[in-house]
Amino acid sequence: MSSTYKAVEVSAAGVLRVVERPISEPGPGQVRIRVEACGICHSDAATVTGTYPGLTLPRVPGHEVVGRVDALGSGVSRWKIGQRVGVGLIAGEDGTCEPCRRGDSVNCQNPVVSGVTVDGGYAEMMIAEARGLASIPDELSSAEAAPLLCAGITTYNALRNAGLRGGDLVAVQGIGGLGHLGIQFARHMGFHTVAIGRGGEKEKLAKDLGAQVYIDTAVGDAAALLQSMGGARAVLATAPSGDSMGSLVSGLAVRGKLIVLGVPRDQIHLNASPLVFGGRSVYGSLTGTAIDQEDTLAFSVLEDIRPMIETAPLEQAADAYARMMQGKARFRMVLVTKDLNHNDHA
């Protein structure tokens, strides 16, 4: 067996390069994963640009990782060699901060963050905390499963934790990496699903994904159209545009919720009136725990929900990342390694 593995690291801000690294052994409570697939997420930009607070370079990005357990550290009993597992953004918690002690480990104050505090999945190998692993169902290919560990869980958890009921009107703003999964989850959870996008060319896709209604913001006022339908009980804001997010509060029903999932660079401007008169709210939702990931994967298998992906070899990570950042990907770029079984390509 080779003593090195290929990794794609951010060597300096904005520079992704392929390097060879020595294979290391997992420490106590850790596993070594032979990576098969890793999705490219918009939030990888914080690592690639070197702007994530406290980030030290070089660093391997990537937090939608699927692979097989290759070695076990001491004290790991739940996982077996050869088992297929996934690692998401929040890949371990300290267990001692106040949110952790209150059972809210997703908001741990000192988390293990894949591709930020530790090296992530743009590589052939990765060391991961055993407590942060999710089991991957046989029904999903590794390339399909990868985006569900971030884009999938983010939209799935936001919807299932929003206090909604079957038949409620739910709108999904943006039909990209997050939104195209949000539409599918909303429809299969039994919500009256409205997709909000810009341009008539997206209508067929939105309806094929499960939206009953498509609102084209190039020709109509989304908030007014939602109100004409009785108002949305929830809007999932996934497109990274603060300008377009804030205006959607006026499209909410009484006590409706604008749930922010995408992180725009511009400010979200809010009018206080619809918040106060009608008790509407705005809040954010961040991924979930490893068991939440397993729930997301299980629901995706149950309802036959899949991400739309394009794959690229690990060595082409820089080009694939640029394609995602330029909005050219349909809808998730997934890096695949030589260890991905030839019949496991999606």
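Right above here is the structure, for reference.
Position numbers for residues start from 1 in each chain and track the written sequence from start to end. At least 70 in pLDDT is required for a residue's local features to be given in this predicted model, at least 80 for side-chain atom pairs to be given and counted, and no such filter applies to totals for whole chains, interfaces and linings, which use all residues. As a rule here, side-chain values cover all heavy atoms of the structure and leave hydrogens and water aside.

### Quick look at helix H10 (residues 317–325)
Thinking step 1. Exposure categories follow from relative accessible area, calculated using a 1.4 Å probe and restricted to protein chains: below 20% of the type maximum is buried, above 50% is exposed, and the middle band is partly exposed. Runs of E in the DSSP output that reach at least two residues are strands. Runs of H or I that reach at least four are helices, and both are numbered from the N terminus. Ala317, Ala320, Tyr321 and Met324 are the residues of H10 that are buried. Looking straight down H10, one finds its buried side chains confined to an arc of 100°; they lie on one side. This arc is taken over the directions from the axis of the helix to the C-beta atoms.

### Let's talk about the packing of helix H3 (residues 142–160) against helix H9 (residues 290–302)
Thinking step 1. Fitting a line to C-alpha atoms yields each axis, with helices limited to the stretch in contact; the angle taken between N-to-C directions then spans 0 to 180 degrees. For the pair H3 and H9, interaxial distance at closest approach is 9 Å and the crossing angle is 95°. The orientation of H3 with respect to H9, classified from their angle, is roughly perpendicular. Here Ala145, Leu148, Leu149, Gly152, Ile153, Tyr156, Asn157 and Arg160 of H3 lie close against H9, whose contacting residues are Asp292, Gln293, Asp295, Thr296, Leu297, Phe299 and Ser300.
Thinking step 2. Split into classes, the residues belonging to the contact of H3 with H9 amount to seven nonpolar, five polar and three charged. Should an angle fall under 35 degrees it is taken as roughly parallel, and over 145 as roughly antiparallel, whereas 65 to 115 is taken as roughly perpendicular and any remaining angle as oblique. Contacts between residues were defined by any pair of non-hydrogen atoms, one from each residue, lying within 4.5 Å. Each residue is assigned to one class: nonpolar for Ala, Val, Leu, Ile, Met, Phe, Trp, Tyr, Cys and Pro, charged for Asp, Glu, Lys and Arg, and polar for all the others, Gly among them.

### A look at the environment of Leu57
Thinking step 1. Mapping Leu57 onto the fold places it in the loop between helix H1 (45–48) and strand S4 (65–72).
Thinking step 2. Under the relative-accessibility criterion, Leu57 is labelled partly exposed at 35%.
Thinking step 3. Sequence-distant contacts of Leu57, defined by excluding residues within four places in its chain, comprise Val10, Ser11, Ala12, Ala13 and Thr47.

### A few points about the environment of Pro307
Thinking step 1. The residue Pro307 is located in the loop between H9 and strand S14 (309–313) in this model.
Thinking step 2. Using a relative accessible area of 8% as the deciding quantity, one classes Pro307 as buried.
Thinking step 3. In sequence terms Pro307 and Leu181 are 126 residues apart; their C-alpha atoms lie 6.3 Å from each other.
Thinking step 4. Leave out the neighbours within four places in its chain, and Pro307 touches Glu144, Pro147, Leu148, His180 and Leu181.

### A look at the pairing of strand S1 (residues 4–12)
Thinking step 1. At least two bridges found by DSSP between two strands is the condition for calling them paired. Taken together, the eight bridges between S1 and strand S2 (residues 15–22) define a ladder with antiparallel strand orientation. The residue of S2 that forms the bridge with Glu9 is Arg17.
Thinking step 2. The hairpin turn running from S1 into S2, its antiparallel successor, is two residues long, and Gly14 in that turn takes a positive phi close to 85°.

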